[in-house]
Amino acid sequence: MSRVRELFETMEYGPAPEDASLAKQWIESHDGIFGHWIDGQWSQATQHFESINPATEKKLAAIGQGLDADVNAAVSAARNALKPWQELGSNGRARCLYGLARQVQKHARMLAVLETLDNGKPLRETRDVDVPLVARHFYHHAGWASVLDSEMPNTSAYGVIGQIIPWNFPLLMLAWKVAPALAAGNTVVLKPAEYTSLSALYFAELTQNAGLPSGVFNLVTGAGETGRTLASHGDVDKVAFTGSTQVGREIRTLTAGTDKGLTLELGGKSPFLVFADADVDSAIEGVVDGIWFNQGQVCCAGSRLLVQESISDTFLSKLKQRMKTLRIGNPLDKTTDMGAIVSQSQLKNIQSYIDGAKKEGASCWHTETPLPESGWYFHPTLVTDVFSAHTIMTEEVFGPVLAVMTFRTHKEAIEIANNTRYGLAASIWSENINLSLDVASKIKAGVIWINSTNEFDAASGFGGYRESGFGREGGREGLWAYRKSLSDLPPDDQPPASAVAPVVANPTSALDKTSKLYIGGRQVRPDSGYSRGVAAYDGSLIGTVGEGNRKDIRNAVEAAHGASKWGSASAHHRAQVLYFLAENLEIRADEFSQRLEMITGTDGDLQVKESINRLFFYAGWCDKYEGTVHQPPLGRVVFAVPEPVGVMGLICPERDALLGLISLIAPAIALGNTVITIPSESGALVATDFYQILETSDIPAGVVNIITGARPNLASEIARHNDVDGLWCAGHRAMTAEIERLSVGNLKQTWALSGDRNWLDASVGQGTEFLRRATQFKNVWAPYGE
Ligand code: NDP
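Residues numbered from 1 in each chain as written. Predicted model: local features only at pLDDT ≥ 70, side-chain atom pairs only at ≥ 80, totals over all residues. Heavy atoms only, no water.

Chemist: Any details on the sheet that holds strand β15 (residues 401-407)? Residues and values, ideally.
Modeler: Pairing is mixed across the open sheet formed by 10 strands, whose spatial order is β13-β14-β15-β12-β11-β16-β17-β32-β26-β25. The outermost strands of the open sheet, each flanked by one partner alone, are β13 (363-366) and β25 (628-630). The mean inter-strand angle of the sheet, taken between neighbouring strand axes irrespective of direction, is 20°. In the packing of helix α12 (residues 309-324) onto the sheet, the strands contacted are β11 (271-274), β12 (304-308), β13, β14 (381-384) and β15, and the crossing angle to β12 comes to about 135°. (Pairing = 2+ DSSP bridges. Helix = DSSP H or I, 4+ residues; strand = E, 2+ residues; numbered from the N terminus. Axes fitted to C-alpha atoms, helices over the stretch in contact; angles between N-to-C directions. Contact = heavy atoms within 4.5 Å.)

Chemist: Please set out the packing of helix α5 (residues 108-119) against helix α6 (residues 123-151) residue by residue, giving values where relevant.
Modeler: At a closest axis distance of 9 Å, the pairing of α5 and α6 adopts a crossing angle of 125°. Taken as axis vectors, α5 and α6 run oblique relative to one another. As α5 runs across α6, the sense of the crossing is right-handed. Along the contact surface, α5 presents Ala108, Arg109, Leu111, Ala112, Val113, Glu115 and Thr116, while α6 presents Leu123, Thr126, Arg127, Asp130 and Val131. Among the residues making up the contact of α5 with α6, the classes are represented as 6 nonpolar, 2 polar and 4 charged. (Parallel < 35°, antiparallel > 145°, perpendicular 65-115°, else oblique. Left-handed = near helix turned anticlockwise from the far one by under 90°. Nonpolar A, V, L, I, M, F, W, Y, C, P; charged D, E, K, R; others polar.)

Chemist: Which residues make up the pattern of salt bridges, and what values go with them?
Modeler: This model, assessed by the stated rule, comprises 41 salt bridges. Salt-bridge contacts for Glu250 lead to Arg228; the nearest nitrogen and oxygen are separated by 2.8 Å. You can see Glu250 sitting in helix α10 (residues 245-255) and its partner Arg228 sitting in helix α9 (residues 224-231), a full 22 residues away along the chain. Residue Lys318 pairs with Asp281 through a salt bridge whose shortest N-O separation is 3.1 Å. Pair noted here: Lys318 is in helix α12 and Asp281 is in helix α11 (residues 280-292), with a separation of 37 residues, a long-range link. Of the residues examined, Lys318 reaches a relative accessible area of 37% and is grouped as partly exposed. Residues joined in a network through salt bridges with shared partners are Arg249, Glu395, Arg421 and Glu467. (Salt bridge = Lys/Arg side-chain N within 4 Å of Asp/Glu carboxyl O. Buried < 20%, exposed > 50% of the residue type's maximum accessible area, 1.4 Å probe, protein only.)

Chemist: Can you tell me about the site of the ligand, naming the residues and giving the values?
Modeler: If you check the shell around the ligand, you find 30 residues, and the closest are Ile165, Glu194, Ser244, Leu266 and Glu396. Residue Glu194 places a main-chain N or O atom 2.8 Å away from an oxygen atom belonging to the ligand. Interatomic distance of 3.3 Å between a side-chain N/O atom of Arg228 and a nitrogen atom of the ligand. Contact with the protein chains hides 89% of the accessible area of the ligand, taken as 890 Å² for the molecule alone. Only α9, β9 (238-242) and α10 provide two or more residues apiece to the shell around the ligand. Broken down by class, the residue content of the shell around the ligand amounts to 16 nonpolar, 8 polar and 6 charged. (Near = heavy atom within 4 Å. Polar contact = N/O pair within 3.5 Å; in protein donor to acceptor, adjacent residues only side chain to side chain. Areas by Shrake-Rupley, 256 points an atom, 1.4 Å probe, with all protein chains shown as cover.)

Chemist: Before we move on, can you summarise a nonpolar patch on the surface with the specific residues and values?
Modeler: On the surface, a cluster of nonpolar side chains totalling about 380 Å² of accessible area is made up of Ile433, Leu437, Val629, Phe639 and Val641. Secondary-structure elements contributing two or more residues to the nonpolar patch are α16 (433-442) and β26 (636-644). Tracing the chain through its elements places Val641 in strand β26. (Patch = residues over 30% accessible without salt bridge, like charges linked within 9 Å, V, L, I, M, F, W, Y side chains within 5 Å.)

Chemist: Lay out the packing of aromatic side chains with the relevant residues and their values.
Modeler: For the structure shown, the criterion picks out 24 aromatic pairs. Where Phe275 meets Phe407, the ring centres are 5.1 Å apart and the plane angle is 65°; that geometry is what we call edge-to-face. Of this pair, Phe275 sits in the loop between β11 and α11 while Phe407 sits in strand β15; the two residues are 132 residues apart in sequence, bridging distant segments of the chain. Side by side, Phe275 and Phe407 carry an identical accessibility label, which is buried. (Phe/Tyr/Trp six-rings, centres within 6.5 Å; stacked < 30°, edge-to-face > 60°.)

Chemist: Requested: an account of the nonpolar core, with residues and values cited.
Modeler: Counting residues in hydrophobic clusters, the biggest one holds 109 residues, and the most contacted among them are Phe138, Phe217 and Leu305. Sorting elements by how many residues they give to this core places helix α7 (residues 170-183) first, with 11 residues. The contact partners of Phe217, leaving out residues within four places of it in the chain, are Trp37, Leu174, Val178, Val188, Leu190, Phe203, Ala204, Thr207 and Leu212. (Core = buried A, V, L, I, M, F, W, Y, C linked by side-chain atoms within 4.5 Å.)

Chemist: Describe unusual backbone geometry, listing the residues and the values that go with them.
Modeler: Phi at Asp39 is positive, roughly 55°, even though this residue is not glycine. Examined against the element boundaries, Asp39 turns out to sit in the loop between β1 (36-38) and β2 (41-43). Its identity as a non-glycine residue notwithstanding, Asp656 has a phi of 50°, on the positive side. Note on Asp656: relative accessible area 16%, which makes it buried.

Chemist: Run through the sheet that holds strand β20 (residues 514-515), naming residues and quoting values.
Modeler: With respect to topology, 3 strands assemble into an open sheet ordered β20-β24-β23, the strand pairing being mixed. Bordering the open sheet on either side are β20 and β23 (531-535), each of which pairs with just one other strand. As judged from the 5 bridges shared by β23 and strand β24 (residues 541-546), these two strands associate in the antiparallel manner. Bridge pairing links Val534 to Gly543 in β24.

Next comes the structure, spelled out in structure tokens:
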């Protein structure tokens, strides 16, 4: 009797364990030993490693260690399958993707159980979140396969894609990578994380049931070394990576100068902002989902809680009460809220962050809920008394640890939120929609959830700003990551002939005027004190320009940051400025034409005319390159907004000095970026003439900065600068390879494009490809309804 009363009072759940025998039987059907899935069949592995159940520390299976020969065989199978896969046509591919979605649904429970066994996450999550999202991803992309030809004309598939994924959402990450790649007409070789290969291995068998032709999907399991072999394989056309920022850097370096496509979905340290007018109880549930979902092993986990000071005491005390009710234990139990941490080494990592936080003076609090005796478990933990510079506030812990700070004003909230090198996600809690949207627009992150958190849908892009990587997964933006624009020509093998026009260092000729650099709206002398000669087509000296150096680049970057309001100016205003620029260039068309003729020996009229047209073209685009509104299931809208990349370096082509310059500046500034421009060396005088046009065209100071000098050196300086967000380099391969290698500091977005293309030809010299590269999508989720 007293037991019944007790039950009513505590409302405790009884145990509800899931039966894992079918999953274990499947493992047994392989004798507990797995090879790789290559060309539609199992291939034996010669070496193996163990996959362990984190909840019990017991061995689940022996997984194949992918060696060079396995990666070679898989890449070659994917290459051979490419043509037949593409010849299958959009409907044929759509049917296969639809078949995969159906297979995932038919085997949903098996997949969920396997995932829970292998990863340690609660079955409630694998069953209700991971697997349904996986099915949704394949359905959504089956649709993309059908409509691709009409929706993405003038594009082609990349070819063979090497895909590398982490352990925190093994099957979901597989779906996020495989579904768009196949829908876009590519074939793939996937390497799952060492800790969690089982659901991918099961999925491999499902591909056969779904009728996927052999070789279209290949799976090579293994350690980081297998991933490295795949990423550096000469016959892989693109690498798509999800994982840590550290490994992302390594992959950026490995692929530099190879013409391989690259997308990086990396880590985060996402803020979770609670304003005083928030619905506190909802926000508390949001925090639980934001940081304790999947034991906090979530790239977009809201691991930095920022609470408005006036409610912080109440909020934290309610949060502690709620934490005490979290059920930690057997992940196969359907009533479990938090399961096990994926591995012992990850558990130690988390503990070392807590130890470090304490040493730095933070207070750490956790619930006293007893943890299971075996398995790798960690208490949900709250860290207070921290400052922005504390390691626990800056580094990704990747565990159930929430660091808390307070703020007073909404301006301060935004400052703290943006005080991170990452930019993956943010969650904003306030009943004031005006405030929420304003904060959403100012936070530098790829995904923002208003009064919600950890929402995902296949139609809405997911991905980060800054060191959280580049590229998106999901929706149209995600599909772009697997299609190449036919006008996007790769960098040139050699510098064009005009680049070797003779230049004279520090000339002392009768030319008394040296054109200066253009920084922050002013003409300034180069820091070096040196200038360089610019030759006419016949080799005679026609003028001198400043020899820019590192210091000038730094000044220009500072000026470009100072002009960031340009990005929030109305698109209409930016269009007006670009039209005015075109008009002013037209007024001085003859002068520019003569200058070009002097440099090239050929008539410059056409280039000037086309430059004016190009300015008109991008002025027209300013208020038309817009976002979209997604309507995911369950009472949410998602505003997908293209935002400027930020401060961009533009290494202009050597050829077509004026048109090349304008072809890069115009799309970048049309969409709100501010730029540091390195013009053609042989045509540098054209660029210095051009800033006189800028001065009379209402372009705010600092929006366009022009540094003349040695292009490769200046390009390297920009690539090294950690406050530059994007870099386009229209040049030869040696230069673009170097800038890609140097860009790893802050993982800036780079675009290596052919400078020697025919810029006069609008089909390759302009277009939405440039606009796409000048923007990054922010997806803002907002709930509606009672
Ligand atoms: P890692 O970067 O360590 O590993 C990711 C994958 O890369 C694994 O398959 C790993 O293999 C492989 N790998 C390791 N070293 C190399 C290498 N040198 N070359 C090529 N591949 C390599 O990340 P974790 O698996 O630890 O995952 C956690 C990280 O992933 C977190 O930082 C998290 O934020 C991020 N993440 C980002 C997401 C996003 O969408 N932005 C989503 C999910 C996670 P192995 O397993 O054998 O080490």
